[in-house]
There are 2 protein chains.
Amino acid sequence: MSPKITTELLKQLRQVMKNPKYVQEPVQAYIVPSGDAHQSEYIAPCDCRRAFISGFDGSAGTAIVTEQHAAMWTDGRYFLQAAHQMDNNWTLMKIGLKDTPTQEDWLVSVLPEGSKVGVDPFIIPADQWKRMSKALRSAGHDLVPVKENLIDTIWTDCPQRPCKPLITLDLSYTGVSLRDKIVALRSKMIERKVMWFVVTALDEVAWLFNLRGSDVEYNPVFFAYAIIGMNTIRLFIDGDRIMDPAVREHLQLDFTLDPEFEIQVLPYGSVLSELQAVGAGLSPKEKVWLSDKASYALTEAIPKAYRYLTPYTPICIAKAVKNTSETEGMRRAHIKDAVALCELFNWLEKEVVPKGTVTEIIAADKAEEFRSQQKDFVELSFATISSTGPNGAIIHYKPVPETNRTLSVNEIYLLDSGAQYKDGTTDVTRTMHFGTPSAYEKECFTYVLKGHIAVSAAIFPNGTKGHLLDSFARSALWDCGLDYLHGTGHGVGSFLNVHEGPCGISYKTFADEPLEIGMIVSDEPGYYEDGSFGIRIENVVLVIPAETKYDFKNRGSLTFEPLTLVPIQTKMIDMNLLTQKECNWVNDYHQKCREVIGAELERQGRHEALQWLIRETEPLIRAQ
Amino acid sequence: MSPKITTELLKQLRQVMKNPKYVQEPVQAYIVPSGDAHQSEYIAPCDCRRAFISGFDGSAGTAIVTEQHAAMWTDGRYFLQAAHQMDNNWTLMKIGLKDTPTQEDWLVSVLPEGSKVGVDPFIIPADQWKRMSKALRSAGHDLVPVKENLIDTIWTDCPQRPCKPLITLDLSYTGVSLRDKIVALRSKMIERKVMWFVVTALDEVAWLFNLRGSDVEYNPVFFAYAIIGMNTIRLFIDGDRIMDPAVREHLQLDFTLDPEFEIQVLPYGSVLSELQAVGAGLSPKEKVWLSDKASYALTEAIPKAYRYLTPYTPICIAKAVKNTSETEGMRRAHIKDAVALCELFNWLEKEVVPKGTVTEIIAADKAEEFRSQQKDFVELSFATISSTGPNGAIIHYKPVPETNRTLSVNEIYLLDSGAQYKDGTTDVTRTMHFGTPSAYEKECFTYVLKGHIAVSAAIFPNGTKGHLLDSFARSALWDCGLDYLHGTGHGVGSFLNVHEGPCGISYKTFADEPLEIGMIVSDEPGYYEDGSFGIRIENVVLVIPAETKYDFKNRGSLTFEPLTLVPIQTKMIDMNLLTQKECNWVNDYHQKCREVIGAELERQGRHEALQWLIRETEPLIRAQ
């Protein structure tokens, strides 16, 4: 790929940085972060401003343009890609390398004295604003909010903000009505003595209103905000999608309700002025609850003394603990997903081995095709990672024509994929060999499997945070001097974002919330040999009660139940490295796959895939 | 014990809170924290101000006195003790319980509008000041520094600040000269672009100057500060102890040196004015490095823009990584310590079983007696935890006449003890039964042992933080629904504090530094059955390179080597619960105890203890 030529664009940007039409005073630097106004991980095309100005379209990166310089900060996953996609107007700042300056330090080193640094206050989270503003101020500069996004002023063919139809979810999917969610939220608000709660994350809005959308690829969300008061519910959303009778019925917009459950629908763009009005009308001791990741613009709308900021909102935590309807939905989604993958792997075995015509892209498309045949399929939950041989070692790989390899009997194949079904979200990784794996490949695979089992079968007391389980996944690898450089698991939404907080399993010390019954996370250790192969074994698992001899003095015991029920390729296992307990785990797991997925394959009349499943779930026998 | 009657004292304190002799304006509340001006864990009697005003003398607690109220915040370890020691002038605030307000929230709820809250700026760490000041300010109150400590003004029989003679340590103990430590420190200062470094922690001063003291019980430190510039070394220390010729020789006070290594000795009390002079003379970009735990008073001496604050100082980190002389010293200290414990356990077996006359206090005294017979013994490294039966379940137990139990053949005995030798610091816990342990006691002991081994034998990549190993210690307990409510390990000083940063092994998410070769930590999982028994197995372990098959792609492999070499009572082990690998670990460990400690017992002519050691280190045989 050739880099994007940005000379003209940068010239235009530098002009608007001084144009009184857009800025009160000229800004000597302008920051273009990755995110959107909701701090989403996945963003819509109209929000890809950093990619537009620089050419670099990886998922993480911050661009800063000054009168003389243009610099891009990104992390190790994207060093190569960014270098390829950006022209030589840009300096690549490699985050994590010792000599790479922070954005603040770099700004201080290049800016003339007393400079103004501009940023879109809707895009920068309040906590980042605070950090950066402080650093700049202590060096004599100012971080200033620039109301109009300066990239948008020069982006003449910027795509429209999506405004797709909404999907209503009834009680059989959500388990809890909008009304009951509001009641629960208000009781949390009373507990914390706040009068208002501002919903800024897109998945939190979707969850609260039991609605879904498709404004952002892979994430069934829609652009909206909400402000919940003790007697009011305001939903900020654009377009005639709210005129859809099903949506009106769902939100009970045309009914006479108890006034405190009546929903006022307001334009998406009016959230700031409405929030400012709320802020102006507060009496002493009336606080407003916001995520500390909410945008600087919204946070500033509330006078400082009235803000109540937390890293996780009560919606984020409530959303993470799935109710019975949601877990049942997740189970159904995972059964359907497993059916699709049994079909795929059976098909791959037939195609790859004798013909050698299947590429990574063809395999990914075929996986999507099988998934789309399943009931309530909506879309994929992320870009399929279909990678063979050395491509498997690129953790965030997505096959494109330039890199597309053909699957063969000589290389390991890694497929990390998932889908959105109306009843749940899936995310599963399997690593297979269609020929004869080497002893080393089997050795590495078996360590990864041991780590996967160690987490999946772990028993731990109620209240344990997920990061305490991360090392269990690494222990077998560590014993031989191997490791993987990513976390072990992330929260998974229920027909929502495939990555969600506030829980996870990672060596990174972040403020994760304790695991509790009903939470759903992934368990995905891996091993990557640069230039050769990648191995990852991922199930989505549900936190359930465990039975233990002493039950932590009634504190309660927890463990995981795999929701993913797709065979783990036994051909890849070095049986000498498995303990009897681990061997039993694999056999029990495969027994369950055979029973549950077998019945569904049977029901769907997918006999060939069923035969494949039965072959792949033959019990392992361990030499004593 | 009966509570301290504090009515008169509180009356006096409330008077000085309004006395213009001590306060510029009356303060409506006065905070009395636990610590001293160096944020020490162990403090001198003259710094026990909170105990003086309240009667509560636990190791952690903060008192706040207002015109109407007196309240004490402490944690679960001390709820009972505090309730017993305080009279009903005091309200006990139980930290960790849901309904307990924070100090800030409580102050806001009881203070009249626009109140002043006073605190000694030398006692409160800067980071705590910042948090509390912000919370109070947002509620319309002010946190104000009160120069004279108000407790000291009413504490008529306050003991003198200790000023004991210094011990000089030569190169054979320290491995690195003062001069080389200064050179290394200055190179870190250049790296971080700071011109001055302020040493505030007592163990950091002691380490830097290769001096020890005995101003604080159990911690071989002395009251002092230091300010290191690029060309100056200032040591703030009181008393004629600096007139000792050995100290003068050690610090080269009477030599003509390169000026940048000349030590200026100044009075302890002049540190603030000297630092203020430094602060006043700074040119732009000249920064001063302080720990963010340094006192508010010292931190404020440096204008905000010139401060460089870090959670761990370069001395703290350098001190944690022991050099060869230090590790060799620690090895020697642990050999001597093991000799003392072999003598003790042999003696206990002879005394407890037939006679039944040994109490917890007698056993603790006997342990000290045997230790004091060893070369270079200085003092104990903490108050000996000598506990039998139910007392063992009190994690921070120290026997006193009221609680003193007699050791018997019917109860588990737990001894957690250690000493300061001139060549190293020890800390070891052994749990024994002098009769026949129950099946349940053996079961719990064996899980604890499995956890101990899991950490001790863990292999992990270079750069791993200790908290990632904590769950290894719990896994066997968790599988049966058991757990312990303390961390697994802490850093250990080299003839310095028995608890030191910046590394450790804990489930608590604190900013620990990565483990590296030469660091020394404890490995001490436990299990406590309230009202019945306590079990803990603790070794001090050294981080060493490990040999692994793949060596983490040259990142390097680490593991631990036990420095503590005291037999683990095999009678307490349920062999059915031990894997072959764990059984081998115990046998290898005991083999090493027999060889190393056996040779020393032989050398010291302690034949009876040697026979005990040989009996206690008989290899285990596991039924196949």
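Not measured: the values here are computed from a predicted model. (Residues numbered from 1 in each chain as written. Chains lettered and ligands numbered in written order. Predicted model: local features only at pLDDT ≥ 70, side-chain atom pairs only at ≥ 80, totals over all residues. Heavy atoms only, no water.)

### Details of the pairing of strand S24 (residues 520-523) of chain A
All names here are of chain A.
Part 1: In S24, alternate side chains face the same way, and those of Ile 520 and Ser 522 on one face and Val 521 and Asp 523 on the other are all buried.
Part 2: In this structure, S24 lies alongside strand S27 (residues 539-545), joined through four bridges in antiparallel fashion. Counterpart to Asp 523 in the pairing with S27 is Asn 539. (Buried < 20%, exposed > 50% of the residue type's maximum accessible area, 1.4 Å probe, protein only. Helix = DSSP H or I, 4+ residues; strand = E, 2+ residues; numbered from the N terminus. Pairing = 2+ DSSP bridges.)

### Describing the interface of chain A and chain B
Part 1: Of the residues lining the interface, 34 residues belong to chain A; the matching set on chain B comes to 34 residues.
Part 2: Across the chain A to chain B interface the summed buried area is about 3000 Å²; carbon plus sulfur atoms make up 57%.
Part 3: Looking at the side of chain A facing chain B, the largest losses of area belong to Leu 468, Trp 478 and Tyr 550 of chain A, adding up to 22% of the total buried there.
Part 4: Across the contact surface, chain A and chain B share four salt bridges.
Part 5: A salt bridge links Arg 555 of chain B to Asp 483 of chain A; the nearest nitrogen and oxygen atoms lie 3.3 Å apart.
Part 6: Put simply, chain A and chain B have 14 residue pairs in polar contact (both at pLDDT 80 or more) between them.
Part 7: Elements with a minimum of two residues in the side of chain A that touches chain B: helix H5 (126-138), helix H16 (439-456), strand S21 (460-461), helix H17 (470-479) and strand S25 (526-529) of chain A. (Contact = heavy atoms within 4.5 Å. Buried area = accessible area lost by both parts, 1.4 Å probe. Salt bridge = Lys/Arg side-chain N within 4 Å of Asp/Glu carboxyl O. Polar contact = N/O pair within 3.5 Å; in protein donor to acceptor, adjacent residues only side chain to side chain.)

### Quick look at the nonpolar core
Part 1: In this structure, Leu 348 and Phe 560 of chain A together with Leu 348 and Phe 560 of chain B are the most contacted members of the largest nonpolar core, which totals 148 residues.
Part 2: Leu 348 of chain A has contacts with Val 353, Val 358, Ala 363, Leu 407, Tyr 413 and Phe 434 of chain A, leaving out every residue within four places of it along the chain.
Part 3: By size, the runner-up hydrophobic cluster in this structure holds 56 residues, among which are Val 221, Ala 224, Phe 236 and Leu 272 of chain B. (Core = buried A, V, L, I, M, F, W, Y, C linked by side-chain atoms within 4.5 Å.)

### As for the relation of the copies chain A and chain B
Part 1: By a simple turn and slide, chain A fits onto chain B: the slide is 0.1 Å along the axis, the RMSD is 0.1 Å, and the turn is 180°. On the angle and the small slide along the axis, the relation comes out as a two-fold axis.
Part 2: A share of 100% of the interface residues of chain A reappears at the interface of chain B, consistent with the copies meeting face to face through the same patch. (Least-squares fit on C-alpha atoms with pLDDT ≥ 70 in both.)

### Re the sheet that holds strand S3 (residues 70-74) of chain A
Residue and element names in this part refer to chain A.
Part 1: Spatial strand order, S4-S3-S2-S1-S5-S6: six strands in an open sheet with mixed pairing. The open sheet terminates on both sides in strands that have one partner only, identified here as strand S4 (91-94) and strand S6 (142-145). Taken pair by pair, the neighbouring strands of this sheet meet at an average axis angle of 25°, ignoring direction.
Part 2: Sheet strands touched by helix H1 (residues 7-16): strand S1 (29-32), strand S2 (62-66) and S3. Its angle to S2, the strand with the most contacts, is close to 70°.
Part 3: The strands touched by H5 within the sheet are S1, strand S5 (116-119) and S6, with S6 carrying the most contacts at an inclination of about 140°. (Axes fitted to C-alpha atoms, helices over the stretch in contact; angles between N-to-C directions.)

### Observations concerning a positive patch on the surface
Part 1: On the surface, a cluster of positive charge is contributed by Lys 130, Lys 134, Arg 137 and Lys 304 of chain A together with Lys 130, Lys 134, Arg 137 and Lys 304 of chain B.
Part 2: Put simply, the parts of the chain that give the positive patch at least two residues each are H5 of chain A together with helix H5 (126-138) of chain B.
Part 3: Take Lys 304 of chain B: it is sitting in the loop between helix H12 (296-300) and strand S14 (307-310).
Part 4: Taking the relative accessible area as the measure of exposure, Lys 304 of chain B reaches 63% and is therefore exposed. (Patch = residues over 30% accessible without salt bridge, like charges linked within 9 Å, V, L, I, M, F, W, Y side chains within 5 Å. Areas by Shrake-Rupley, 256 points an atom, 1.4 Å probe, with all protein chains shown as cover. Lys, Arg positive; Asp, Glu negative; His and termini not counted. Charge placed at Lys NZ, Arg CZ, Asp CG, Glu CD.)

### Considering the packing of aromatic side chains
Part 1: By the definition in use, this model includes 37 aromatic pairs over all chains.
Part 2: With centroids separated by 5.7 Å and ring planes inclined at 85°, the aromatic side chains of Phe 197 of chain A and Trp 289 of chain A adopt a geometry described as edge-to-face. Remark: Trp 289 of chain A occurs in strand S13 (residues 287-291) and Phe 197 of chain A occurs in strand S8 (residues 194-199); sequence separation between them is 92 residues. Pair check on accessibility: Phe 197 of chain A and Trp 289 of chain A agree, each one buried.
Part 3: Considering the side-chain rings of Tyr 413 of chain A and Phe 434 of chain A, the 6.3 Å spacing of their centres and the 35° angle between planes classify their relative orientation as tilted. Pair noted here: Tyr 413 of chain A is in strand S17 (residues 412-417) and Phe 434 of chain A is in the loop between strand S20 (428-433) and H16, with a separation of 21 residues, a long-range link.
Part 4: The exposure class of Phe 434 of chain A is buried, given its relative accessible area of 7%.
Part 5: What links up through ring pairs into an aromatic cluster is the set Tyr 440, Tyr 527 and Phe 533 of chain A together with Tyr 550 of chain B.
Part 6: The ring of Phe 261 of chain A is capped by Arg 179 of chain A, whose NZ or CZ atom sits 4.1 Å from the centre of that ring.
Part 7: Between the NZ or CZ atom of Arg 186 of chain A and the centre of the ring of Phe 261 of chain A, over which it lies, the distance is 5.5 Å. (Phe/Tyr/Trp six-rings, centres within 6.5 Å; stacked < 30°, edge-to-face > 60°. Lys NZ or Arg CZ within 6 Å of the ring centre and 35° of its normal.)

### Notes on the pattern of salt bridges
Part 1: Using the criterion set out here, one finds 74 salt bridges over all chains in the structure.
Part 2: Between Arg 241 of chain B and Asp 215 of chain B there is a salt bridge; the shortest N-O distance is 2.9 Å. Taken together, the residues span a long stretch of sequence, with Arg 241 of chain B in the loop between strand S11 (233-237) and helix H10 (245-250) and Asp 215 of chain B in the loop between strand S9 (211-212) and strand S10 (224-229) at a distance of 26 residues. Side by side, Arg 241 of chain B and Asp 215 of chain B carry an identical accessibility label, which is buried.
Part 3: The network of salt bridges with common partners includes Asp 47, Arg 49, Asp 152 and Arg 161 of chain A.

### Quick notes on the sheet that holds strand S8 (residues 194-199) of chain B
Residues and elements named next belong to chain B.
Part 1: Across the sheet, which stays open at both edges, the six strands sit in the order S12-S11-S10-S8-S13-S14 with mixed pairing between neighbours. Whereas interior strands pair on both sides, the edge strands pair on one side only; in this sheet they are strand S12 (263-266) and S14. Averaged over all pairs of adjacent strands, the angle between their axes in this sheet comes to 20°, without regard to strand direction.
Part 2: Set on the sheet, helix H11 (residues 271-280) makes contact with S8, S10, S11, S12 and strand S13 (287-291); between it and S11 the angle comes to about 155°.

### Structural notes on the UniProt feature "domain: Peptidase M24 C-terminal" (unreviewed entry) in chain A
Part 1: Within the UniProt annotation, "domain: Peptidase M24 C-terminal" (unreviewed entry) is assigned to residues 558-620 of chain A.
Part 2: Helix makes up 54% of residues 558-620 of chain A and strand 8%, and the two end C-alpha atoms of the span are 27 Å apart. (UniProt positions renumbered as here; feature names shortened; annotations may be inferred.)

### Focus: the domain arrangement of chain A
Residues and elements named next belong to chain A.
Part 1: Taken domain by domain, chain A holds domain 1 (6-153), domain 2 (167-319) and domain 3 (321-616).
Part 2: The straight-line distance from the C-alpha centre of domain 1 to that of domain 2 is 30 Å.
Part 3: Listed by partner, the interface residues are 17 residues for domain 1 and 21 residues for domain 2.
Part 4: When domain 1 packs against domain 2, the two sides together hide about 1400 Å² of surface, and 64% of this comes from carbon and sulfur.
Part 5: Counting the surface domain 1 buries against domain 2, the share from its top three residues, His 38, Tyr 42 and Phe 122, is 43%.
Part 6: For the interface between domain 1 and domain 2, the tally reads one salt bridge.
Part 7: With its nearest N and O atoms 4.0 Å apart, the salt bridge here joins Asp 127 to Lys 293. (Domains from an automatic or database assignment.)

### Quick look at the packing of helix H14 (residues 324-355) of chain A against helix H15 (residues 360-372) of chain A
Residue and element names in this part refer to chain A.
Part 1: Interhelical geometry of H14 versus H15 gives an angle of 140° and a closest axis separation of 8 Å. Classed by the angle they form, the pair H14 and H15 counts as oblique. Our pair here, H14 against H15, has a crossing hand that is right-handed. In this structure, H14 contributes Asp 337, Ala 340, Leu 341, Glu 343, Leu 344, Trp 347 and Leu 348 to the contact, and H15 contributes Ile 362, Ala 363, Lys 366, Ala 367, Phe 370 and Arg 371.
Part 2: Taken together, the residues of the contact of H14 with H15 sort by class into nine nonpolar, no polar and four charged. (Parallel < 35°, antiparallel > 145°, perpendicular 65-115°, else oblique. Left-handed = near helix turned anticlockwise from the far one by under 90°. Nonpolar A, V, L, I, M, F, W, Y, C, P; charged D, E, K, R; others polar.)

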